[in-house]
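Here is what each chain is made of, one letter per residue.
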Amino acid sequence: MNDNIVWHQASVSHAERNAQKQHQPALLWYTGLSGSGKSTIANAVDRKLFELGCHTYVLDGDNVRHGLNKDLGFDDTSRVENIRRITEVANLFLDAGLIVGTAFISPFLADRAQARSLAGQRFIEVFVDTPLETCEQRDPKGLYKKARAGDIPHFTGISSPYEAPENPEIHLRTAEMSVEGAADQVVAYLRSRGIVTA
Ligand code: ADP
């Protein structure tokens, strides 16, 4: 890094920001196959938290790829860089005191471990555990059809691996529960940790 770039101390401290809000900052890191329900559940949780008066934001895979990460593809190197940038952005939001949800396939254990090490105690891994067959039946964006036809290279679950979390803080088996039920489980977890008290 350039020696002339020096970290500037903020005039409002992290503790002051947290005290102003009625909750602790947290990073809900949703991971799972395409179509597993990450965006749907992240947004359902976001709505619930918003209504409880929490300050929140969802970083969604497709949305980030429209802007910040539009120069990145889906090969392994690009996926790693995709997650690295998202983690850095999420970390800034944590510093601002928000409860952040990230909805990215994030298929590799090592990348999620990197995100965890950066966010520390605030990192909450949410495994959106949906069998491949169910994701493929749902196919909300028609991507599995294209991937099976060979039109999308490096498609997670088909032609690129998904490394399931070994010890997620929250495990959602969506084939056995409603979106509402999954969102309630996440909010209950945040309450159990004292992150949300409302
Ligand atoms: P992802 O963000 O993981 O790619 P999406 O949230 O975009 O997945 O799509 C998941 C799809 O599955 C949505 O159309 C959603 O309505 C549907 N769905 C059906 N049942 C569930 C469930 N129990 N949990 C989450 N999503 C569900």
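The structure displayed is predicted, hence computed values, not measured ones. What you see as residue numbers is a count from 1 along each chain, following the sequence as written. Local features in a predicted model are, by the rule used here, given only for residues with pLDDT of at least 70; side-chain atom pairs are given and counted only at 80 or more, and totals for whole chains, interfaces and linings are based on all residues. Based on all heavy atoms of the structure, the side-chain values leave hydrogens and waters out of the count.

Here the focus is the environment of Gly 73. Relative to the helices and strands, Gly 73 is located in the loop between helix H3 (61-66) and helix H4 (76-95). C-alpha of Gly 73 to C-alpha of His 154: the two residues are 81 residues apart in sequence and 9.8 Å apart in space. Setting aside residues no more than four positions away along its own chain, Gly 73 makes contact with Arg 65 and Ser 78. Secondary structure is summarised from DSSP: a helix means a run of H or I of at least four residues, a strand means a run of E of at least two, and numbering begins at the N terminus for each. Whether two residues are in contact is decided by their heavy atoms: any pair within 4.5 Å suffices.

Okay, the pattern of salt bridges next. Between side chains of opposite charge, pairing is possible as soon as their charged atoms come close. The term salt bridge refers to a pairing of a side-chain nitrogen on Lys or Arg with a carboxyl oxygen on Asp or Glu at a separation within 4 Å. Applying the stated criterion to the full structure yields ten salt bridges. Of the charged contacts, one joins Arg 47 and Glu 51 as a salt bridge, the two residues approaching to 3.2 Å between their closest N and O atoms. Here Arg 47 and its partner Glu 51 are both found in helix H2 (residues 38-51), four residues apart, which amounts to about one turn of the helix. Owing to a relative accessible area of 49%, Arg 47 belongs among the partly exposed residues under this scheme. A salt bridge links Asp 71 to Arg 85, with the shortest nitrogen-to-oxygen separation between them at 3.0 Å. One end of the pair, Asp 71, is in the loop between H3 and H4; the other, Arg 85, is in helix H4, with 14 residues separating them in the sequence. Each of the salt bridges in this network shares a partner with another, and the network as a whole consists of Asp 71, Glu 81, Arg 84 and Arg 85. Only protein chains enter the area calculation, which uses a 1.4 Å probe; residues under 20% of their type maximum are buried, those over 50% are exposed, and those in between are partly exposed.

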